[in-house]
Amino acid sequence: FGGNSWTLQVSKDVKGEIGKSVLLPCSFSPPHHLHRSHESGLTVIWRIRHPYNGSVVFKCVSDSSLDPCKTNINHMNKFRLIGNPRNNNISISIGNLTWEDSNRYYCRVELSSDRHDKYETKSGTLLHIFASPRIVNISVAFDKVRGYHAVCTAEGEPVPSLVWTDPMNIHEEAFPTISVFRHQRTTELHYLRHDGKYTCVATNSHGKAEGSVYFFKFTSGVSGRTGYIILCAALGVKLLLLFLMFGVTSYYSR
């Protein structure tokens, strides 16, 4: 501080967890001859993707050392000035992180309209988004190619690995599928052989998550006939109740 050239300190990389907040640090020191102008007008800018001409996601302006930095650009209302620009700190926080917030961020400070009174980081800060595993979808379906099959989709960063466990508590070999989204993985378990609970476990370096689906099918023989009789009896009872309700309604309406 106090030298004849600008200095600006930022973090090269920052990690943030999806759904939470993260701090992007940035502090600066203007050349010695600009300390006086530092007490007057001041503008703070944060942009993404590219320095100098990248999209501005946050901007605030302070007219004097007595005025707070008033925000006039705040993309998606996610950004908040954490540092005090008058103390050479223009750090910001980003709230409710999403996958789209993974980007390179550049901070900039302007002390006057003169081009020598402005400085911006060229390297920027790369924000990495990480996430514990989460089961997005788990279901059972049937078709002629895969028979009765279970499908499990999970997301996370790093992308989680997926393992199926059948009702016999045995790990089953699954078939991976191509995921539409970058942070997701899907596997399918073909030709389900046992009745009961099938569990999908998703794991990455930040934790694990699991989801279960229950599968039962009628088998041939006595149990199949019994199931068919029970199903018909249940439908018969429902039809009888409907007829009774209709009769009662008609009687009272007359």
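Residues numbered from 1 in each chain as written. Predicted model: local features only at pLDDT ≥ 70, side-chain atom pairs only at ≥ 80, totals over all residues. Heavy atoms only, no water.

1. What to know about the overall build of the protein chain
- The helix and strand tally for the protein chain stands at one helix and 19 strands.
- Looking at the 254 residues of the protein chain, the share that counts as buried comes to 37%.
- Residue pairs at least 24 apart in sequence account for 56% of intrachain contacts in the protein chain once pairs closer than 6 positions are excluded.
- Summing over all exposed atoms, the protein chain offers an accessible surface of approximately 15700 Å²; the carbon and sulfur share of this is 57%. (Helix = DSSP H or I, 4+ residues; strand = E, 2+ residues; numbered from the N terminus. Buried < 20%, exposed > 50% of the residue type's maximum accessible area, 1.4 Å probe, protein only. Contact = heavy atoms within 4.5 Å. Areas by Shrake-Rupley, 256 points an atom, 1.4 Å probe, with all protein chains shown as cover.)

2. Examining the packing of aromatic side chains
- Summed over the entire model, instances satisfying the criterion amount to four aromatic pairs.
- Ring centres 4.7 Å apart and planes at 50° place the aromatic pair Phe 142 and Tyr 148 in the tilted group.
- With a relative accessible area of 54%, Phe 142 lands in the exposed category.
- Taking relative accessible area as the criterion, Tyr 148 reaches 37% and is therefore assigned partly exposed.
- A centroid spacing of 6.5 Å and a plane angle of 65° characterise the contact between Tyr 198 and Phe 215, whose relative ring orientation is edge-to-face. You can see Tyr 198 sitting in strand S18 (residues 196-204) and its partner Phe 215 sitting in strand S19 (residues 207-215), a full 17 residues away along the chain. One exposure class covers both Tyr 198 and Phe 215, and it is buried. (Phe/Tyr/Trp six-rings, centres within 6.5 Å; stacked < 30°, edge-to-face > 60°.)

3. Examining the pattern of salt bridges
- Under the counting rule described, the total for this entry stands at nine salt bridges.
- Between Lys 20 and Glu 17 there is a salt bridge, with the nearest N and O atoms lying 3.2 Å from each other.
- Close ionic contact of Glu 120 with Arg 47 constitutes a salt bridge, the shortest N to O distance being 2.9 Å. Residue Glu 120 is located in strand S11 (residues 118-120), and its partner Arg 47 is located in strand S5 (residues 42-48); the two are separated by 73 residues in the primary sequence. Take Glu 120 and Arg 47: they sit in the same class, and that class is buried. (Salt bridge = Lys/Arg side-chain N within 4 Å of Asp/Glu carboxyl O.)

4. Re the state of the cysteines
- Enumeration according to the criterion identifies three disulfides in this entry.
- Each sulfur in the disulfide pair Cys 26 and Cys 107 lies 2.1 Å from the other. Linking Cys 26 and Cys 107, the disulfide has an S-S dihedral of approximately 70° and is accordingly described as right-handed. With Cys 26 in strand S4 (residues 26-29) and Cys 107 in strand S10 (residues 104-110), this residue pair connects regions lying 81 residues apart in the sequence. Cys 107 carries the same exposure label as Cys 26, and that label is buried.
- In this model Cys 152 forms its disulfide with Cys 200; the gap between the sulfur atoms is 2.1 Å. The sign of the S-S torsion, about -80°, decides the handedness of the disulfide formed by Cys 152 and Cys 200: left-handed. In this pair, Cys 152 sits in strand S13 (residues 147-157) while Cys 200 sits in strand S18, placing the two residues 48 residues apart along the sequence. Neither Cys 152 nor Cys 200 differs from the other in exposure class; each is buried.
- Taken N- to C-terminal, the disulfide-bonded cysteines of the protein chain are connected 1-4, 2-3, 5-6. (Disulfide = S-S within 2.5 Å.)

5. What to know about the confidence of the model for the protein chain
- On average, residues of the protein chain score 84 in pLDDT, and 81% of them reach the 70 mark or higher.
- Across residues 220-224, confidence stays below pLDDT 50; counting only partners more than four residues off in sequence or on other chains, it has one contact. (pLDDT = per-residue confidence, 0-100.)

6. Observations regarding the sheet that holds strand S8 (residues 79-81)
- Reading across from one edge, S3-S9-S8 is the order of the three strands in this open sheet, with antiparallel pairing throughout. Single-partner strands in this sheet number two, and they are strand S3 (22-24) and S8. Here the average twist between neighbouring strands, direction ignored, is 25°.
- Bridge count for S3 against strand S9 (residues 92-94) is three bridges, and the pairing is antiparallel. Looking at the pairing, Leu 23 lines up with Ser 93 of S9. (Pairing = 2+ DSSP bridges. Axes fitted to C-alpha atoms, helices over the stretch in contact; angles between N-to-C directions.)

7. Quick look at the sheet that holds S18
- Read across the open sheet, the four strands follow the order S15-S14-S18-S19; overall the sheet is antiparallel. Lying at the two open borders of the sheet, with one neighbouring strand each, are strand S15 (171-172) and S19.
- Pairing of S18 with S19 involves nine bridges; the strand directions are antiparallel. The partner of Tyr 198 across the bridge, within S19, is Val 213.

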